[in-house]
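Descriptive analysis of the structure
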Amino acid sequence: MILDATPIITSLLDTDAYKLHMQQAVYHHYSDIPVVAEFRCRSDERLGEYATTLRHQVNMMADLSLTNEEFDYLQSLPFFKNDYLQWFKRFRFKPEQVQISTTPENQLSIRITGPWREVILWEVPLLALVSEIVHRARSPQITPDDAVNQLRKLIDIFYRDAAEQQIDLADFKLMDFGTRRRFSYDVQCAIVDELKNHFPYLIGTSNYHLAERMHLAPVGTQAHEWFQAHQQISPELANSQRAALQSWLDEYPDQLGIALTDCITMDAFLRDFDKTFAESYQGLRHDSGDPIEWGEKAIAHYEKLGIDPMSKVLVFSDSLDFQKALVLYKHFHKRIRLIFGIGTRLTCNIPEITPLNIVIKLVECNGKPVAKLSDSPGKTICDDNDFVDKLRKAFDVPLVKQAC
(Lines give C-alpha, C1' and ligand atoms only; values in the text may rest on other atoms or scores of the structure.)
Protein backbone atom coordinates (compact mmCIF):
# COMPACT_ATOMS: atom_id res chain seq x y z
CA MET A 1 0.00 0.00 0.00
CA ILE A 2 1.31 3.45 -0.94
CA LEU A 3 0.43 5.91 1.83
CA ASP A 4 -0.23 9.59 1.18
CA ALA A 5 2.57 11.67 2.64
CA THR A 6 0.27 14.69 2.95
CA PRO A 7 -1.15 15.16 6.46
CA ILE A 8 -4.89 15.76 6.77
CA ILE A 9 -4.66 17.49 10.16
CA THR A 10 -2.29 20.44 9.77
CA SER A 11 -3.07 22.56 12.84
CA LEU A 12 -3.46 21.92 16.55
CA LEU A 13 -6.43 24.27 16.37
CA ASP A 14 -8.26 22.06 13.87
CA THR A 15 -10.43 20.78 16.72
CA ASP A 16 -13.60 21.65 18.58
CA ALA A 17 -13.43 24.63 20.93
CA TYR A 18 -14.77 22.68 23.89
CA LYS A 19 -11.67 20.49 23.77
CA LEU A 20 -9.35 23.41 24.51
CA HIS A 21 -11.77 24.83 27.07
CA MET A 22 -11.93 21.49 28.88
CA GLN A 23 -8.20 20.92 28.47
CA GLN A 24 -7.44 24.15 30.31
CA ALA A 25 -9.78 23.15 33.14
CA VAL A 26 -8.16 19.70 33.32
CA TYR A 27 -4.69 21.26 33.28
CA HIS A 28 -5.58 23.42 36.27
CA HIS A 29 -7.59 20.91 38.32
CA TYR A 30 -6.81 17.33 37.26
CA SER A 31 -3.43 17.47 35.56
CA ASP A 32 -2.18 13.97 36.39
CA ILE A 33 -5.39 11.94 36.20
CA PRO A 34 -5.13 8.97 33.76
CA VAL A 35 -7.98 8.10 31.40
CA VAL A 36 -8.87 5.70 28.60
CA ALA A 37 -11.06 6.54 25.63
CA GLU A 38 -12.36 4.22 22.92
CA PHE A 39 -13.79 4.47 19.43
CA ARG A 40 -17.29 3.28 18.57
CA CYS A 41 -18.93 2.94 15.17
CA ARG A 42 -22.63 2.92 16.01
CA SER A 43 -23.66 1.74 12.56
CA ASP A 44 -21.46 -1.37 12.88
CA GLU A 45 -19.63 -0.63 9.62
CA ARG A 46 -16.52 -2.63 8.76
CA LEU A 47 -13.82 0.05 8.74
CA GLY A 48 -10.84 -2.15 9.56
CA GLU A 49 -9.36 -1.79 6.09
CA TYR A 50 -8.54 1.85 6.85
CA ALA A 51 -6.45 1.11 9.96
CA THR A 52 -3.06 1.36 8.22
CA THR A 53 -3.87 4.70 6.59
CA LEU A 54 -5.18 6.03 9.90
CA ARG A 55 -2.02 4.91 11.69
CA HIS A 56 0.08 6.78 9.14
CA GLN A 57 -1.93 9.98 9.60
CA VAL A 58 -1.77 9.70 13.40
CA ASN A 59 2.01 9.31 13.29
CA MET A 60 2.31 12.52 11.29
CA MET A 61 0.39 14.41 13.98
CA ALA A 62 3.47 14.21 16.21
CA ASP A 63 4.92 17.06 14.13
CA LEU A 64 2.11 19.49 14.95
CA SER A 65 2.79 22.46 17.20
CA LEU A 66 1.16 25.76 17.95
CA THR A 67 2.39 28.52 15.65
CA ASN A 68 3.26 31.97 16.97
CA GLU A 69 0.21 33.36 15.17
CA GLU A 70 -2.06 30.73 16.75
CA PHE A 71 -0.59 31.42 20.18
CA ASP A 72 -1.20 35.15 19.78
CA TYR A 73 -4.75 34.43 18.65
CA LEU A 74 -5.53 32.27 21.70
CA GLN A 75 -3.90 34.84 23.95
CA SER A 76 -6.26 37.50 22.60
CA LEU A 77 -9.33 35.56 23.77
CA PRO A 78 -10.87 36.01 27.23
CA PHE A 79 -11.12 32.29 27.97
CA PHE A 80 -7.48 31.32 28.41
CA LYS A 81 -4.93 31.84 31.15
CA ASN A 82 -1.25 32.38 30.43
CA ASP A 83 0.07 29.34 32.32
CA TYR A 84 -2.11 27.02 30.26
CA LEU A 85 -1.16 28.72 26.99
CA GLN A 86 2.54 28.47 27.80
CA TRP A 87 2.08 24.74 28.44
CA PHE A 88 -0.04 24.32 25.32
CA LYS A 89 2.67 25.99 23.25
CA ARG A 90 4.94 23.09 24.24
CA PHE A 91 2.24 20.45 23.72
CA ARG A 92 2.89 17.70 21.18
CA PHE A 93 0.69 14.76 20.25
CA LYS A 94 2.12 11.39 21.31
CA PRO A 95 1.05 8.82 18.69
CA GLU A 96 2.07 5.97 21.00
CA GLN A 97 -0.96 6.84 23.15
CA VAL A 98 -3.23 5.68 20.31
CA GLN A 99 -3.64 1.95 19.73
CA ILE A 100 -5.15 1.20 16.32
CA SER A 101 -6.06 -2.32 15.24
CA THR A 102 -8.55 -4.37 13.25
CA THR A 103 -10.86 -6.92 14.85
CA PRO A 104 -11.45 -10.38 13.33
CA GLU A 105 -14.77 -8.97 12.04
CA ASN A 106 -12.82 -6.24 10.17
CA GLN A 107 -14.01 -3.51 12.49
CA LEU A 108 -11.77 -0.58 13.40
CA SER A 109 -10.53 -0.54 16.99
CA ILE A 110 -9.05 2.59 18.55
CA ARG A 111 -8.03 2.92 22.20
CA ILE A 112 -6.35 6.02 23.64
CA THR A 113 -4.52 5.88 26.97
CA GLY A 114 -2.65 8.54 28.91
CA PRO A 115 -3.05 11.62 31.12
CA TRP A 116 -6.43 13.27 30.65
CA ARG A 117 -4.79 16.60 29.81
CA GLU A 118 -3.25 14.94 26.72
CA VAL A 119 -5.84 12.30 25.77
CA ILE A 120 -8.55 14.98 25.71
CA LEU A 121 -7.19 16.43 22.46
CA TRP A 122 -7.22 13.18 20.44
CA GLU A 123 -10.96 12.67 19.98
CA VAL A 124 -11.89 15.32 17.43
CA PRO A 125 -8.95 14.97 15.00
CA LEU A 126 -9.15 11.17 15.16
CA LEU A 127 -12.83 11.18 14.23
CA ALA A 128 -12.21 13.75 11.49
CA LEU A 129 -9.39 11.57 10.16
CA VAL A 130 -11.50 8.41 10.10
CA SER A 131 -14.31 10.23 8.34
CA GLU A 132 -12.11 11.87 5.70
CA ILE A 133 -10.05 8.73 5.02
CA VAL A 134 -13.19 6.66 4.48
CA HIS A 135 -14.94 9.24 2.30
CA ARG A 136 -11.83 9.87 0.22
CA ALA A 137 -11.64 6.16 -0.55
CA ARG A 138 -15.35 5.66 -1.18
CA SER A 139 -16.27 8.89 -2.95
CA PRO A 140 -13.19 10.52 -4.48
CA GLN A 141 -15.35 12.35 -7.02
CA ILE A 142 -17.02 14.60 -4.45
CA THR A 143 -15.78 18.20 -4.32
CA PRO A 144 -16.36 21.13 -1.95
CA ASP A 145 -18.48 22.70 -4.70
CA ASP A 146 -20.85 19.72 -4.50
CA ALA A 147 -21.26 20.29 -0.77
CA VAL A 148 -21.82 24.04 -1.17
CA ASN A 149 -24.40 23.52 -3.91
CA GLN A 150 -26.32 21.15 -1.65
CA LEU A 151 -26.10 23.65 1.22
CA ARG A 152 -27.57 26.37 -0.99
CA LYS A 153 -30.52 24.13 -1.85
CA LEU A 154 -31.14 23.38 1.83
CA ILE A 155 -30.99 27.06 2.76
CA ASP A 156 -33.47 27.90 -0.02
CA ILE A 157 -35.86 25.32 1.41
CA PHE A 158 -35.29 26.72 4.91
CA TYR A 159 -36.22 30.23 3.78
CA ARG A 160 -39.22 28.96 1.83
CA ASP A 161 -40.56 26.98 4.80
CA ALA A 162 -40.06 29.93 7.14
CA ALA A 163 -41.92 32.23 4.75
CA GLU A 164 -44.80 29.79 4.25
CA GLN A 165 -45.22 29.42 8.01
CA GLN A 166 -44.73 33.16 8.58
CA ILE A 167 -41.85 32.54 10.97
CA ASP A 168 -39.82 35.60 11.93
CA LEU A 169 -36.16 34.55 11.71
CA ALA A 170 -34.78 37.67 13.40
CA ASP A 171 -33.62 35.71 16.46
CA PHE A 172 -32.48 32.55 14.67
CA LYS A 173 -28.85 31.69 15.51
CA LEU A 174 -26.73 28.96 13.92
CA MET A 175 -23.36 27.50 14.92
CA ASP A 176 -21.18 25.14 12.88
CA PHE A 177 -20.54 21.95 14.87
CA GLY A 178 -19.28 19.93 11.89
CA THR A 179 -15.63 19.04 12.54
CA ARG A 180 -15.83 15.51 13.92
CA ARG A 181 -17.76 13.82 11.12
CA ARG A 182 -17.05 16.14 8.22
CA PHE A 183 -16.67 14.79 4.69
CA SER A 184 -13.29 16.50 4.57
CA TYR A 185 -11.41 19.50 5.87
CA ASP A 186 -11.84 21.26 2.51
CA VAL A 187 -15.60 20.67 2.58
CA GLN A 188 -15.93 22.12 6.09
CA CYS A 189 -13.91 25.19 5.05
CA ALA A 190 -16.14 25.73 2.02
CA ILE A 191 -19.34 25.26 4.01
CA VAL A 192 -18.37 27.65 6.80
CA ASP A 193 -17.13 30.21 4.29
CA GLU A 194 -20.44 30.01 2.42
CA LEU A 195 -22.41 30.44 5.63
CA LYS A 196 -20.29 33.35 6.77
CA ASN A 197 -20.77 35.22 3.51
CA HIS A 198 -24.36 34.32 2.64
CA PHE A 199 -26.23 33.20 5.78
CA PRO A 200 -26.65 36.10 8.20
CA TYR A 201 -27.72 33.88 11.10
CA LEU A 202 -24.32 32.21 11.55
CA ILE A 203 -22.84 33.29 14.89
CA GLY A 204 -19.77 31.06 15.11
CA THR A 205 -18.00 27.75 14.61
CA SER A 206 -16.81 25.13 17.05
CA ASN A 207 -13.58 24.75 15.03
CA TYR A 208 -10.84 26.97 16.48
CA HIS A 209 -8.74 26.86 13.29
CA LEU A 210 -11.64 28.06 11.16
CA ALA A 211 -12.66 30.63 13.77
CA GLU A 212 -9.19 32.17 13.62
CA ARG A 213 -8.91 31.93 9.86
CA MET A 214 -12.38 33.32 9.09
CA HIS A 215 -12.69 35.78 11.99
CA LEU A 216 -15.63 33.97 13.55
CA ALA A 217 -16.53 33.43 17.19
CA PRO A 218 -15.24 30.10 18.59
CA VAL A 219 -18.13 28.34 20.35
CA GLY A 220 -18.36 25.41 22.74
CA THR A 221 -18.09 24.64 26.45
CA GLN A 222 -17.99 21.06 27.75
CA ALA A 223 -18.57 17.51 26.52
CA HIS A 224 -19.78 14.30 28.15
CA GLU A 225 -16.26 13.38 29.23
CA TRP A 226 -16.25 16.26 31.72
CA PHE A 227 -19.15 14.69 33.62
CA GLN A 228 -18.00 11.11 33.02
CA ALA A 229 -14.56 11.69 34.51
CA HIS A 230 -16.05 13.20 37.65
CA GLN A 231 -17.75 9.87 38.33
CA GLN A 232 -14.31 8.65 39.44
CA ILE A 233 -12.96 12.01 40.64
CA SER A 234 -15.77 12.91 43.04
CA PRO A 235 -15.53 11.09 46.41
CA GLU A 236 -19.26 10.33 46.18
CA LEU A 237 -20.76 9.01 42.94
CA ALA A 238 -24.19 10.52 43.63
CA ASN A 239 -22.55 13.95 43.93
CA SER A 240 -20.35 13.63 40.84
CA GLN A 241 -22.57 15.68 38.56
CA ARG A 242 -22.72 18.55 41.03
CA ALA A 243 -18.95 18.31 41.45
CA ALA A 244 -18.51 18.60 37.68
CA LEU A 245 -20.82 21.60 37.47
CA GLN A 246 -19.03 23.36 40.34
CA SER A 247 -15.54 22.59 39.05
CA TRP A 248 -16.48 24.15 35.71
CA LEU A 249 -17.66 27.30 37.47
CA ASP A 250 -14.42 27.40 39.43
CA GLU A 251 -12.53 27.56 36.13
CA TYR A 252 -15.00 29.73 34.22
CA PRO A 253 -17.15 31.70 36.72
CA ASP A 254 -18.32 34.27 34.20
CA GLN A 255 -17.75 32.63 30.79
CA LEU A 256 -18.54 29.52 28.74
CA GLY A 257 -21.68 28.92 30.75
CA ILE A 258 -23.64 26.36 28.73
CA ALA A 259 -24.10 23.07 30.62
CA LEU A 260 -24.52 19.72 28.87
CA THR A 261 -27.46 17.88 30.39
CA ASP A 262 -27.59 14.28 29.18
CA CYS A 263 -24.62 12.42 30.63
CA ILE A 264 -26.97 10.83 33.19
CA THR A 265 -30.34 11.78 31.62
CA MET A 266 -32.09 15.14 31.74
CA ASP A 267 -34.20 14.26 34.77
CA ALA A 268 -31.15 13.35 36.84
CA PHE A 269 -29.41 16.50 35.66
CA LEU A 270 -32.26 18.80 36.69
CA ARG A 271 -32.35 17.29 40.18
CA ASP A 272 -28.79 18.53 40.62
CA PHE A 273 -29.22 21.80 38.72
CA ASP A 274 -30.44 23.89 41.64
CA LYS A 275 -31.12 27.62 41.68
CA THR A 276 -27.48 28.52 42.36
CA PHE A 277 -26.30 26.57 39.33
CA ALA A 278 -29.24 27.71 37.20
CA GLU A 279 -28.46 31.36 37.93
CA SER A 280 -24.72 30.89 37.38
CA TYR A 281 -24.94 29.06 34.07
CA GLN A 282 -25.99 30.89 30.92
CA GLY A 283 -28.06 27.96 29.67
CA LEU A 284 -28.27 24.30 28.69
CA ARG A 285 -27.34 22.12 25.72
CA HIS A 286 -29.46 19.28 24.31
CA ASP A 287 -27.70 16.26 22.80
CA SER A 288 -30.09 13.31 23.07
CA GLY A 289 -33.72 12.40 23.57
CA ASP A 290 -36.83 14.17 22.32
CA PRO A 291 -35.88 17.86 21.90
CA ILE A 292 -39.39 19.23 22.47
CA GLU A 293 -39.81 17.27 25.69
CA TRP A 294 -36.31 18.31 26.80
CA GLY A 295 -36.94 21.99 26.08
CA GLU A 296 -40.26 21.96 27.92
CA LYS A 297 -38.55 20.40 30.94
CA ALA A 298 -35.85 23.06 30.86
CA ILE A 299 -38.34 25.93 30.69
CA ALA A 300 -40.49 24.44 33.45
CA HIS A 301 -37.39 24.00 35.61
CA TYR A 302 -36.36 27.63 35.22
CA GLU A 303 -39.90 28.78 35.98
CA LYS A 304 -40.06 26.54 39.06
CA LEU A 305 -36.86 28.17 40.32
CA GLY A 306 -38.27 31.65 39.74
CA ILE A 307 -35.90 32.38 36.84
CA ASP A 308 -37.18 34.09 33.71
CA PRO A 309 -36.54 31.63 30.84
CA MET A 310 -35.91 34.56 28.48
CA SER A 311 -32.77 35.31 30.50
CA LYS A 312 -31.38 31.87 29.57
CA VAL A 313 -30.34 29.99 26.42
CA LEU A 314 -31.13 26.54 25.06
CA VAL A 315 -28.60 25.12 22.62
CA PHE A 316 -29.92 22.29 20.43
CA SER A 317 -27.24 20.09 18.87
CA ASP A 318 -28.55 16.53 18.50
CA SER A 319 -28.64 15.31 14.87
CA LEU A 320 -29.92 18.68 13.73
CA ASP A 321 -30.56 19.85 10.20
CA PHE A 322 -32.17 23.08 8.99
CA GLN A 323 -35.64 21.57 8.95
CA LYS A 324 -35.47 20.27 12.52
CA ALA A 325 -33.97 23.54 13.71
CA LEU A 326 -36.85 25.48 12.18
CA VAL A 327 -39.41 23.24 13.90
CA LEU A 328 -37.72 23.80 17.27
CA TYR A 329 -37.34 27.53 16.65
CA LYS A 330 -41.04 27.85 15.85
CA HIS A 331 -42.01 25.89 18.98
CA PHE A 332 -39.77 27.71 21.50
CA HIS A 333 -39.25 31.14 19.95
CA LYS A 334 -40.04 34.02 22.34
CA ARG A 335 -40.30 31.60 25.28
CA ILE A 336 -36.53 31.21 25.76
CA ARG A 337 -33.45 32.26 23.79
CA LEU A 338 -32.26 29.69 21.24
CA ILE A 339 -29.09 28.62 19.45
CA PHE A 340 -28.78 25.72 17.00
CA GLY A 341 -25.57 23.77 16.50
CA ILE A 342 -25.62 21.75 13.28
CA GLY A 343 -22.78 19.32 12.66
CA THR A 344 -22.79 16.36 10.32
CA ARG A 345 -25.72 17.68 8.32
CA LEU A 346 -23.70 20.76 7.48
CA THR A 347 -20.33 19.25 6.64
CA CYS A 348 -21.27 15.79 5.34
CA ASN A 349 -24.65 16.36 3.74
CA ILE A 350 -24.35 15.31 0.11
CA PRO A 351 -27.18 13.20 -1.39
CA GLU A 352 -25.05 10.22 -2.45
CA ILE A 353 -23.00 10.16 0.77
CA THR A 354 -23.86 8.31 3.99
CA PRO A 355 -22.11 9.98 6.95
CA LEU A 356 -20.30 7.78 9.44
CA ASN A 357 -21.96 7.40 12.84
CA ILE A 358 -18.78 7.37 14.89
CA VAL A 359 -17.80 8.56 18.37
CA ILE A 360 -14.92 8.41 20.83
CA LYS A 361 -15.88 8.39 24.51
CA LEU A 362 -14.18 7.96 27.86
CA VAL A 363 -14.44 4.44 29.27
CA GLU A 364 -12.05 4.74 32.23
CA CYS A 365 -10.83 7.43 34.62
CA ASN A 366 -8.34 6.83 37.43
CA GLY A 367 -8.25 3.17 36.39
CA LYS A 368 -11.97 2.73 37.03
CA PRO A 369 -14.99 2.60 34.67
CA VAL A 370 -17.10 5.60 33.71
CA ALA A 371 -20.40 5.61 31.84
CA LYS A 372 -22.88 7.74 29.97
CA LEU A 373 -26.61 7.14 30.47
CA SER A 374 -27.99 9.04 27.50
CA ASP A 375 -31.58 10.15 27.00
CA SER A 376 -31.32 8.16 23.74
CA PRO A 377 -30.57 4.49 24.58
CA GLY A 378 -28.57 4.00 21.39
CA LYS A 379 -26.11 6.63 22.58
CA THR A 380 -25.40 4.99 25.91
CA ILE A 381 -21.78 4.08 26.63
CA CYS A 382 -21.54 1.14 29.03
CA ASP A 383 -18.40 -0.99 29.01
CA ASP A 384 -19.00 -2.14 32.58
CA ASN A 385 -22.60 -3.17 33.26
CA ASP A 386 -22.02 -3.41 37.02
CA PHE A 387 -20.86 0.21 37.12
CA VAL A 388 -23.78 1.29 34.94
CA ASP A 389 -26.16 -0.32 37.42
CA LYS A 390 -24.36 1.46 40.27
CA LEU A 391 -24.61 4.77 38.42
CA ARG A 392 -28.27 4.22 37.67
CA LYS A 393 -29.02 3.56 41.33
CA ALA A 394 -26.95 6.54 42.53
CA PHE A 395 -28.97 8.88 40.32
CA ASP A 396 -32.32 7.07 40.59
CA VAL A 397 -32.48 6.45 36.84
CA PRO A 398 -35.18 3.89 35.93
CA LEU A 399 -33.93 0.63 34.49
CA VAL A 400 -34.46 0.52 30.74
CA LYS A 401 -32.86 -1.63 28.11
CA GLN A 402 -29.68 0.18 27.10
CA ALA A 403 -28.03 -0.36 23.71
CA CYS A 404 -24.29 -0.50 24.30
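Values in this document were obtained by computation on a predicted structure and should not be read as measured data. (Residues numbered from 1 in each chain as written. Predicted model: local features only at pLDDT ≥ 70, side-chain atom pairs only at ≥ 80, totals over all residues. Heavy atoms only, no water.)

1. Re the UniProt feature "modified residue: Phosphohistidine" (unreviewed entry) in the chain
When the UniProt feature table is mapped onto this chain, "modified residue: Phosphohistidine" (unreviewed entry) is found at His-224. As for its position among the elements, His-224 is in helix 10 (residues 224–233). What His-224 contacts, discounting residues up to four positions off in sequence, is Leu-260, Asp-262, Cys-263, Asp-287, Lys-361 and Lys-372. (UniProt positions renumbered as here; feature names shortened; annotations may be inferred. Helix = DSSP H or I, 4+ residues; strand = E, 2+ residues; numbered from the N terminus. Contact = heavy atoms within 4.5 Å.)

2. Notes on the environment of Trp-226
In this structure, Trp-226 sits in helix 10. Measuring from C-alpha to C-alpha, the distance between Trp-226 and Asn-349 comes to 29 Å, with 123 residues separating the pair along the chain. The residues contacting Trp-226, other than those within four sequence positions of it, are Met-22, Ala-25, Val-26, Tyr-30, Trp-116, Ala-244, Ser-247 and Trp-248.

3. Thoughts on the UniProt feature "domain: Nicotinate phosphoribosyltransferase N-terminal" (unreviewed entry) in the chain
Listed under "domain: Nicotinate phosphoribosyltransferase N-terminal" (unreviewed entry) in the UniProt record, and renumbered for this structure, are residues 13–131. Strand forms 18% of residues 13–131 and helix 45%; the C-alpha atoms that close the span are 18 Å apart.

4. Things to note about the pairing of strand 8 (residues 313–316)
Side chains Val-313 and Val-315 project from strand 8 onto one buried face, and the interleaved Leu-314 and Phe-316 project onto a second face that is buried too. Sheet analysis places strand 7 (residues 283–286) next to strand 8, joined by four bridges and oriented parallel. By the bridge assignment, Gly-283 is partnered in strand 8 with Val-313. Crossover strand 7 to strand 8 through helix 14 (residues 291–304) is right-handed. Note that the unit made of strand 8, helix 15 (residues 322–332) and strand 9 (residues 337–342) has a crossover that is right-handed. (Buried < 20%, exposed > 50% of the residue type's maximum accessible area, 1.4 Å probe, protein only. Pairing = 2+ DSSP bridges. Right-handed = clockwise from strand over helix to strand, strands pointing away.)

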